[in-house]
Amino acid sequence: MGVLCSVIRFENLHELKRLCHWGPIIALGVIAICSTMAMIDSVLWYWPLHTTGGSVNFIMLINWTVMILYNYFNAMFVGPGYVPLRWKPEKAQDSMYLQFCKVCQAYKAPRSHHCRKCNRCVMKMDHHCPWINNCCGYQNHASFTLFLLLAPLGCIHAAFIFVMTMYTQLYNRISFGWNTVKIDMSAAKRDPLPIVPFGLSAFAASLFALGLAVGTTIAVGMLFFIQMKVILRNKTSIESWIEEKAKDRIQYYQTAETFIFPYDMGSRWQNFKQVFTWSGVPEGDGLEWPIREGCHPYSLTVEQLKQKADKRVRSVRYKVIDDYSGACCPFNKGIKTFFTTPCTEEPRISLKKGELILVTRGLRHWMYGDKILDHLAAEDGSRIRGWFPRKCVEKCHYDAETDQVSEGEKKNR
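The rules we used
Residues numbered from 1 in each chain as written. Predicted model: local features only at pLDDT ≥ 70, side-chain atom pairs only at ≥ 80, totals over all residues. Heavy atoms only, no water. Helix = DSSP H or I, 4+ residues; strand = E, 2+ residues; numbered from the N terminus. Buried < 20%, exposed > 50% of the residue type's maximum accessible area, 1.4 Å probe, protein only. Contact = heavy atoms within 4.5 Å. Areas by Shrake-Rupley, 256 points an atom, 1.4 Å probe, with all protein chains shown as cover. Pairing = 2+ DSSP bridges. Core = buried A, V, L, I, M, F, W, Y, C linked by side-chain atoms within 4.5 Å. UniProt positions renumbered as here; feature names shortened; annotations may be inferred.

The next subject is the overall build of the protein chain. A tally of helices and strands in the protein chain yields 10 helices and 14 strands. In the protein chain, which comprises 413 residues, the share counted as buried stands at 46%. Of all intrachain contacts in the protein chain linking residues separated by at least 6 positions in sequence, the fraction that spans at least 24 positions is 67%. Accessible surface, the protein chain: about 22,200 Å² in total, of which carbon and sulfur atoms supply 61%.

To continue, consider the pairing of strand β10 (residues 356-362). In terms of burial, β10 is largely enclosed, as 5 of its 7 residues are buried. Taking the residues between adjacent antiparallel strands as the criterion, β10 and strand β11 (residues 366-372) are bridged by 3 residues.

By size, the foremost hydrophobic cluster in this structure holds 27 residues, and its most contacted members are Val 83 and Trp 87. Mapped by element, the contributors of at least two residues to this core are β4 (120-122) and α6 (237-253). Tallying contributions element by element places α6 first for this core, with 4 residues. In this structure, Val 83 is in contact with Tyr 107, Ala 109, Ser 112, Arg 120, Cys 121, Met 123 and Leu 287, ignoring residues within four places of it in sequence.

What follows covers the UniProt feature "transmembrane region" (unreviewed entry) in the protein chain. UniProt annotation of "transmembrane region" (unreviewed entry) refers to residues 25-47, 59-83, 146-167 and 202-226 when read in the numbering used here. For residues 59-83, the helix share is 80%, the strand share is 0%, and the end-to-end C-alpha distance is 41 Å. For residues 146-167, helix accounts for 100% and strand for 0%, while the C-alpha atoms at its two ends are 32 Å apart.

This is the structure in structure tokens:
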């Protein structure tokens, strides 16, 4: 019934085309393989249905699958929520605090950003996720996070089934020699024989499914912890980058101002309730947001306007200090960099020492920006855009008016 309700909530049937993408195809394929193999292994070889434990185990496996798919499809089809086309603030004077989107012909509401993939301004945009082929934002943040929680839990259960199935089926088939280990897959030693013998193909399929389950548990589990950190601070990954640039701007100009993030409610529980509610509907309408005491409703958007104006006279740039091959998940850049690789379709760019990068946004261990091939002609020079590890670069300052880098950077060059 819940899935049917989600289907009814589709704005248009063309939303179904989101399934025709490599992200959902791979994600649904992994879910199908792990859940199907767990049920087969459990019923045929590990925990038959005629036992009480086997029946409970089978019901739990079905329950994991249903809850995972329900939250997955909710995150995909309900979507993040979009700023209405040609939207304007109720008070005309408030438009001076907002940026105008030429594509949507509307003002960008607080916390909203334009997504080039969705081609719309997204409410409280966190990121565009290729695995759901949609943005993660205001309306689907809770469903997306629940999917990230349930998928590893279901995979842990499935992995336990795979391990126990292979252990119980191979226990009496392994013989040890002086220099060899032999496995008899003929099932001749198994007594009583199962309805379907556990042969080589079943062993290979279980082993493959185990690998998928373990990999999914690690990768998706890391994403869940990242999302929970964001939710408990009531701050999206884009807003974290805006805050970082705000502190950099204040430090560079040595101003007396202090930037306070306006949407942090002061406690993790209050921030948590902004996303997760008993009704399943997030707080607010996606256009106006509660703010902490002492903050202006447009503090963040005003900071964005300051940063946008600041780029005309000064660009914050980074210099490459370590080569990077452009690999999606680089092993040689540290465990945290490997496991926190951005979940996006956007490309990675290779780096060489001495190159200059104009960074536009970033995560804790990754950054996104333009590689300026002709740094002496900043605006006219060609650029290559993509993600790269944060540890491969260091910050330097560049003055667009004088075409000079900072003193420390001059020494390095």
